[in-house]
Amino acid sequence: MRPHRSQSPIRPQISTMPRPQTEAAAYLNIYKLVTERKRLEQELELLNQRRDRISQRLEVLQQQTSALEDSVHQIRDQAYRPVLKPEAVSTSTATSESQFDTFYLEY
């Protein structure tokens, strides 16, 4: 996860050398402001699109989580149903030694 930057205000771009107060300097400043405005509007639009994508993904995750929770409840309900006990095996046939043949094998 990326570290979050502090939420400081966006500062305007400034020139290192002050320009003389002329008509051209004023138009240059207007151009800079318009360019920055377009850039910020574009960035805001990208953020809105990202927010929409994130919201859609959150909705899908919520639906998948709900579906999986439902399946877990169904599995749990099936696992705790009373199981029929198998019929009792008669002990007389299980313990009789006549069923087993023993032989020795030499190498």
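The structure contained in this document is the topic of the report that follows. Note that the structure is a prediction, hence the values are computed from the model and not measured.

With respect to the overall build of the protein chain
Here is step 1: Scanning the protein chain from N- to C-terminus turns up 2 helices and 0 strands.
Here is step 2: Going through the 107 residues of the protein chain one by one, you find that 2% of them count as buried.
Here is step 3: Accessible surface, the protein chain as shown: approximately 11,800 Å² in total, 57% of it carbon and sulfur.

Concerning a nonpolar patch on the surface
Here is step 1: A grouping of Tyr27, Ile30 and Val34 is seen on the molecular surface, where their side chains present a nonpolar patch of about 300 Å² in accessible area.
Here is step 2: By secondary structure assignment, the location of valine 34 is in helix α1 (residues 23-79).

Focus on the pattern of salt bridges
Here is step 1: As enumerated under the stated definition, the model contains 3 salt bridges in all.
Here is step 2: Taking the shortest distance from any N to any O, the salt bridge between glutamate 43 and arginine 39 comes out at 3.6 Å. Highlighted residues: glutamate 43 and arginine 39, both in helix α1, separated by 4 residues, approximately one helical turn.
Here is step 3: One salt bridge in this structure joins arginine 51 and aspartate 52, with 3.7 Å as the shortest N-O distance.

Looking at the environment of glutamate 36
Here is step 1: Relative to the helices and strands, glutamate 36 is located in helix α1.
Here is step 2: For glutamate 36, a relative accessible area of 17% corresponds to the buried category.
Here is step 3: Separated by 24 residues in the primary sequence, glutamate 36 and proline 12 place their C-alpha atoms 8.4 Å from one another.

Procedures and definitions
Residues numbered from 1 in each chain as written. Predicted model: local features only at pLDDT ≥ 70, side-chain atom pairs only at ≥ 80, totals over all residues. Heavy atoms only, no water. Helix = DSSP H or I, 4+ residues; strand = E, 2+ residues; numbered from the N terminus. Buried < 20%, exposed > 50% of the residue type's maximum accessible area, 1.4 Å probe, protein only. Areas by Shrake-Rupley, 256 points an atom, 1.4 Å probe, with all protein chains shown as cover. Patch = residues over 30% accessible without salt bridge, like charges linked within 9 Å, V, L, I, M, F, W, Y side chains within 5 Å. Salt bridge = Lys/Arg side-chain N within 4 Å of Asp/Glu carboxyl O.

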